[in-house]
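Listed here are the chains, written in short residue letters.
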Amino acid sequence: MSSVDRLISVWLALLVSFLCLASCSRLEKKTLPAAFTVEVKDPLFKRISDASQSFHVKASGTFNAGTFTVKGVPLKCEPDTTFIFDLNLPIEEPGKINTGVATGKLITSKPLILSAVPMPQTILLENGKATADVDLVKALGYFLFNVLQYQAVDQSGGGDFRNILKTMVAQEATIDLRPDAKFDLGRLHINCDKDSRVLFTNVKLNEDLSYEGQCLLDIKFAKGCKYEGKKVDIEFNDGDTDFVFLAKRKNGIFSLSTDKNLKPLNVQGVTYRFGKTKQCNVTGDAILTFKRFTFEKTEGADHGDLHALADLDLLKAKLYLKNPKMVLTAAFKEVINSKLQIDTREAGREYLWSTAKAYPAATMELHINRPNSHVEVLTTDANVGPVSLDKQGDLGFFMDNGVAQLHQVSWSNGKRSFKLITAPGSTLSIPDGKDFNLNKDSAGMHFSLPLAIKAGAADLIGAKTKLHLSNVKGNVHVVVDKEIELNSDLSLTLDKCAILGNNPIDVKVGAIDLSSKSGKSLARFKTCSITVPDEALLATITDQLPQNKEYKMDKIVLKNQKWRYRDAVINKLLVKKLAIDKVQWSNPNEESFSGNCDVEVDGTVEKGGMLSVIKKTKKWEECPWSATGHLQGKGKFSFKFIPNKCLADSGLTYQVGITLPPPDDVNLDWDDVSKGLFAGTERSIIVGLIKKMKPVTLNYDGKIDLFKQKRASMQTLSVENVVTKQAKDGVEIGFNADVSL
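Note that the coordinates shown come from a computational prediction; the quantities given were computed from them, not determined experimentally.

Participant: If you had to explain the overall build of the chain to someone new, which residues and values would you point to?
Facilitator: A count of helices and strands for the chain gives seven helices and 51 strands. With 741 residues in all, the chain has 50% of them scored as buried. Nonlocal contacts in the chain, meaning residues at least 24 apart in sequence, comprise 65% of its contacts between residues at least 6 apart. Taken as a whole, the chain presents about 34,800 Å² of accessible surface, with 49% of it coming from carbon and sulfur.

What follows is the structure in structure tokens.
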């Protein structure tokens, strides 16, 4: 039985008691006790009465004409006899109805005749006593108790009272709830604040105790309200209702319904738990606007059927989605518009909740967990949704195609880990959108999550190293199955490393592979490259070339006698200030260049006497001579990249070969040979001979360390698969590298 059924039953009981009190056997007034207490045993009505502090009713109606027998006493009602009924009943003891504290009055349009004696047209009930001379306490107790308990209301229980009424309309019936009222309606636990009430208006009661009228729920919620369902929990604090329903009772069925939208319900501090084992939730403040609401309960049934459809607007919402493989948290900055559908029936309950589109989350964290690996993605301004909760309590959600501000991507396998911490302005997007169902059987759940990253600057931090990166962009595919694999085509740059001294260069990385299999982790930088500038390379080689290098020549420039000289020999060649310039790519791992240097030549020559010019002589004198000049020539240098255990310890070996032709301008020191009259002529002869010499080839070998400063970032790159090729204004060295995280 509904609460309004029980209230109307109480009103009828008191009404009949007033009628019986009016049927006194004498005209004199007499005050008789009319107080009694009935314990409320019906569970639903008891919960309502426990939370109530009073109820007040104003009603009017018409009596049936005729003579009726009530408890063996004849009662006659004249035709068209109307009445007005007003009752106020404080509820001092929860769970009990005590009319001893009731006050009210009954006014009839015509006197009622009890045992042929007319009764007063106004009967008052004050302090539990009615003005009359007939004691109806016993009859009233039977009637009220049996009606409240849904027991048979036969004649012994006051059944004749029902025959007296023709019609009755309750203009107003108010149940005032206590300020600290707490009551349970099945799985719903309600805490009420002050000024909460249930108001029935214009309730029309028929002879069969069916009725129809309006019901206003004016409930102020206090903190700690909660619905504990089998698949969902709803917790909320504060808020108030202003709901108006059409209330009906007919053929033993009580119903509440509405044919128009109810006024919005504002509720603060909502936590909506759902999903498998209720491990997912959404929190925030809520505004519910019910588009449809019906409730039906059959008398005697333990549960009623509720069907409701509402627009649910969430403010300051936070979403927490979890299953054994994934946790997603998102805090939203916009109002989330969603739909809530509730269908409860004896066979089961269904709660459907969904959003129609994606909403930007001010922050979003995605954690993916497997037994030996973990991935974490932290973003802001991420598009999350649509989200839907199905009839089985399974949740699916989309991460919509959009761009989020990326803050961090982390990966670990228990022993090794890394974090990619990005600079402001970095972005992440899901190129095709992705659908997830977080509550399917975790053993069979697998998916691939594509992430497009454009990070600009970032720091890659591992247990053993920290790399500063720039120009980070590309795709990362997170493959979740028994473990987590990360495959990517990210490209990036290791920022501004100093190569060949203090020459800044970038180490470019074409792709990164990160994976964890069988407890083993691997981070591999693929298609890496560094470009060694020609200018820096030549400057380094030039710097390594000796300022002075002496070559033992023993080169004969004149064998046969010329004039009075023979056996002119260059004994040694001293090269000074060798410089290389104008480099050009020629072959793989080889470049050509032009060069110049200063040379000093020391030699000897055999000199005969003046007559030796015209006749043979056996007397020859060996004399020293020297010459200086500036030589220009061409050369080649070849190089080879020598990888070591890590990039930081790697270097180049090189070979330089320069071919120097005799100079056009030779400064010959001939003083130790001849100072006579013919010295100038003889000097010209020797200079001419030197100019006709074949070019001299000089060779240099050396090794260059690419990185003089052994930066920790370079020491983490173990190189392999090295290739070299020409690049613009330099030499590009390509390689792969395993990175120790």
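We are not done yet, so read on.
Participant: A description of helix H6 (residues 679-691) should follow, citing residues and the corresponding values.
Facilitator: When the terminal C-alpha atoms of H6 are compared, their 18 Å separation across 13 residues agrees well with the 18 Å that a helix rising 1.5 Å per residue should span. Looking at H6, one finds that the buried residues are Ala679, Glu682, Ile686, Val687, Leu689 and Ile690. The buried residues of H6 occupy an angular sector of 160 degrees when the element is viewed end-on, so they sit on one face.

Participant: Lay out unusual backbone geometry in plain terms, naming residues and giving numbers.
Facilitator: Backbone geometry places asparagine 471, a non-glycine residue, at a positive phi of 55 degrees. For asparagine 471, the position within the fold is in strand S38 (residues 466-480). On the basis of relative accessible area, asparagine 471 is assigned to the partly exposed category, the value being 47%. Positioned with a positive phi, lysine 577 is a non-glycine residue whose angle comes to about 55 degrees.

Participant: If you had to explain the environment of serine 115 to someone new, which residues and values would you point to?
Facilitator: Turning to its location among the elements, serine 115 is positioned in the loop between strand S9 (113-114) and strand S10 (117-118). Note on serine 115: relative accessible area 37%, which makes it partly exposed. C-alpha of serine 115 to C-alpha of threonine 67: the two residues are 48 residues apart in sequence and 10.0 Å apart in space. Residues in contact with serine 115, not counting those within four places in the same chain, are Val73 and Pro74.

Participant: Can you lay out the state of the cysteines for me, pointing to particular residues and giving the numbers?
Facilitator: Summed over all chains, the structure comprises zero disulfides. Unpaired in this structure, cysteine 192 has its nearest cysteine sulfur neighbour in cysteine 225, at a distance of 7.1 Å. Judged by relative accessible area, cysteine 192 falls into the buried class, the value being 3%.

Participant: How would you explain a nonpolar patch on the surface if you had to name every residue and give the values?
Facilitator: A cluster of nonpolar residues, Trp563, Met610, Leu611, Val613 and Ile614, forms a patch on the protein surface that exposes about 490 Å² of accessible area. Mapped onto the elements of the fold, tryptophan 563 is located in the loop between strand S43 (548-558) and strand S44 (565-587). Residue class for tryptophan 563 comes out partly exposed when judged on its relative accessible area of 33%.

Participant: So what's going on with the confidence of the model for the chain? Residues and values would help.
Facilitator: Looking at the chain as a whole, its pLDDT mean stands at 75, while 78% of the residues score no less than 70. Counting contacts from residues 132-158, a segment whose pLDDT is below 50, to residues more than four positions away or on other chains yields 83 contacts.

Participant: Describe the packing of aromatic side chains, with residues and values.
Facilitator: Applying the stated criterion across every chain, the model contains seven aromatic pairs. With a centroid separation of 4.6 Å and 20 degrees between ring planes, the pair formed by phenylalanine 63 and phenylalanine 83 is classed as stacked. With phenylalanine 63 in strand S3 (residues 52-63) and phenylalanine 83 in strand S6 (residues 82-90), this residue pair connects regions lying 20 residues apart in the sequence. The two residues phenylalanine 63 and phenylalanine 83 agree in class, both being buried.

Participant: How would you summarise the side chain of threonine 724 if you had to cite specific residues and measurements?
Facilitator: For threonine 724, the location among the structural elements is in strand S50 (residues 717-727). Each residue touching threonine 724, except ones within four places of it in the same chain, is listed here: Asn589, Phe641, Val731, Glu732 and Ile733.

Participant: Describe the pattern of salt bridges, with residues and values.
Facilitator: For the coordinates displayed, the defined rule picks out 19 salt bridges. Put simply, glutamate 228 and lysine 226 hold a salt bridge, and the shortest N to O gap is 3.2 Å. Assessed through its relative accessible area of 33%, glutamate 228 is described here as partly exposed. Exposure remark for lysine 226: the relative accessible area of 23% places this residue in the partly exposed category. Each of Lys226, Glu228, Glu235 and Arg273 takes part in one network of salt bridges that share partners.

Participant: Describe the pairing of strand S47 (residues 651-660), naming the residues involved and giving the relevant values.
Facilitator: Within S47, seven of the ten residues are buried, which leaves the element mostly enclosed by the surrounding structure. As paired strands, S47 and strand S49 (residues 696-705) are joined by ten bridges and run antiparallel to one another. Paired with leucine 652 across the strands is isoleucine 704, a residue of S49.

Participant: Can you tell me about the environment of phenylalanine 85, naming the residues and giving the values?
Facilitator: By the element assignment, phenylalanine 85 lies in strand S6. Taking the C-alpha atoms as reference points, phenylalanine 85 and leucine 106, separated by 21 residues in sequence, lie 4.9 Å from one another.

Basis of the calculations
- Residues numbered from 1 in each chain as written.
- Predicted model: local features only at pLDDT ≥ 70, side-chain atom pairs only at ≥ 80, totals over all residues.
- Heavy atoms only, no water.
- Helix = DSSP H or I, 4+ residues; strand = E, 2+ residues; numbered from the N terminus.
- Buried < 20%, exposed > 50% of the residue type's maximum accessible area, 1.4 Å probe, protein only.
- Contact = heavy atoms within 4.5 Å.
- Areas by Shrake-Rupley, 256 points an atom, 1.4 Å probe, with all protein chains shown as cover.
- Expected span 1.5 Å × (residues − 1).
- Arc of directions from axis to C-beta.
- Disulfide = S-S within 2.5 Å.
- Patch = residues over 30% accessible without salt bridge, like charges linked within 9 Å, V, L, I, M, F, W, Y side chains within 5 Å.
- Salt bridge = Lys/Arg side-chain N within 4 Å of Asp/Glu carboxyl O.
- pLDDT = per-residue confidence, 0-100.
- Phe/Tyr/Trp six-rings, centres within 6.5 Å; stacked < 30°, edge-to-face > 60°.
- Pairing = 2+ DSSP bridges.

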